[in-house]
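# Per-entry structural report
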Amino acid sequence: YGQKFFEEAAEKYCESKIVFNHSIGDEANMRVFEGTLSGSMLLTSYSKDVENLGYKDGVHLVFYHGKEHLAERAQYYLTHEDEREKIAEAGRQFTLNNHTYLHRIKEILRIVREDNNG
């Protein structure tokens, strides 16, 4: 697929009102970051990992707990555009301010330096 696949995925995220994610094994997968950066609201299965990164339910993204809760939350935010867009923008800003590749590189370097000094 090459780069076109990733570009097309990014375009679809940006065109969407809601980006859906289901974490397997309670991890913070790439879609958390891609979805929040797209400017669309992220609706994701609850993940302690994501919560530990500082994302807050109803502020930066929306968590769901099970299929019925997913449908209920999706329906709600599809009909409450102002709330959805406010969450989407807060999620985008939070990810830009805290979870870019540059943030990850700095954290890796910090850990390596600590290990070398300890």
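### Some remarks on the nonpolar core
If you look at the biggest cluster of nonpolar residues, it comprises 10 residues: Tyr 13, Val 19, Val 32, Phe 33, Leu 42, Val 50, Tyr 55, Leu 61, Phe 63 and Phe 94. With residues near it in sequence (within four places) discarded, Tyr 55 still touches Val 32, Phe 33, Thr 36, Val 50, His 60, Leu 61, Phe 94, Thr 95 and His 99. Among the nonpolar cores identified, the runner-up in size contains nine residues, and Ile 18, Met 41, Val 62 and Ile 87 belong to it.

### Overview of helix 4 (residues 67–79)
Taking 1.5 Å as the rise per residue, helix 4 with 13 residues should run 18 Å; its terminal C-alpha atoms sit 19 Å apart, in good agreement. Among the residues making up helix 4, those that are buried are His 69, Arg 73, Ala 74 and Tyr 77. What you see down the axis of helix 4 is that its buried residues fit within an arc of 130°, all on one side. Of the exposed residues in helix 4, those oriented more than 90 degrees away from the buried face are Lys 67, Glu 68, Glu 72, Gln 75 and Thr 79.

### Observations regarding the packing of helix 4 against helix 5 (residues 81–98)
Relative orientation of the contacting elements helix 4 and helix 5 amounts to 100°, with a least axis distance of 5 Å. Taken together, the axes of helix 4 and helix 5 are roughly perpendicular relative to one another. The segment helix 4 lies against helix 5, with Tyr 76, Tyr 77, Leu 78 and Thr 79 engaging Glu 81, Glu 83, Arg 84 and Ile 87. Of the residues that constitute the contact of helix 4 with helix 5, the class distribution is four nonpolar, one polar and three charged.

What counts and how
- Residues numbered from 1 in each chain as written.
- Predicted model: local features only at pLDDT ≥ 70, side-chain atom pairs only at ≥ 80, totals over all residues.
- Heavy atoms only, no water.
- Core = buried A, V, L, I, M, F, W, Y, C linked by side-chain atoms within 4.5 Å.
- Buried < 20%, exposed > 50% of the residue type's maximum accessible area, 1.4 Å probe, protein only.
- Contact = heavy atoms within 4.5 Å.
- Helix = DSSP H or I, 4+ residues; strand = E, 2+ residues; numbered from the N terminus.
- Expected span 1.5 Å × (residues − 1).
- Arc of directions from axis to C-beta.
- Axes fitted to C-alpha atoms, helices over the stretch in contact; angles between N-to-C directions.
- Parallel < 35°, antiparallel > 145°, perpendicular 65-115°, else oblique.
- Nonpolar A, V, L, I, M, F, W, Y, C, P; charged D, E, K, R; others polar.

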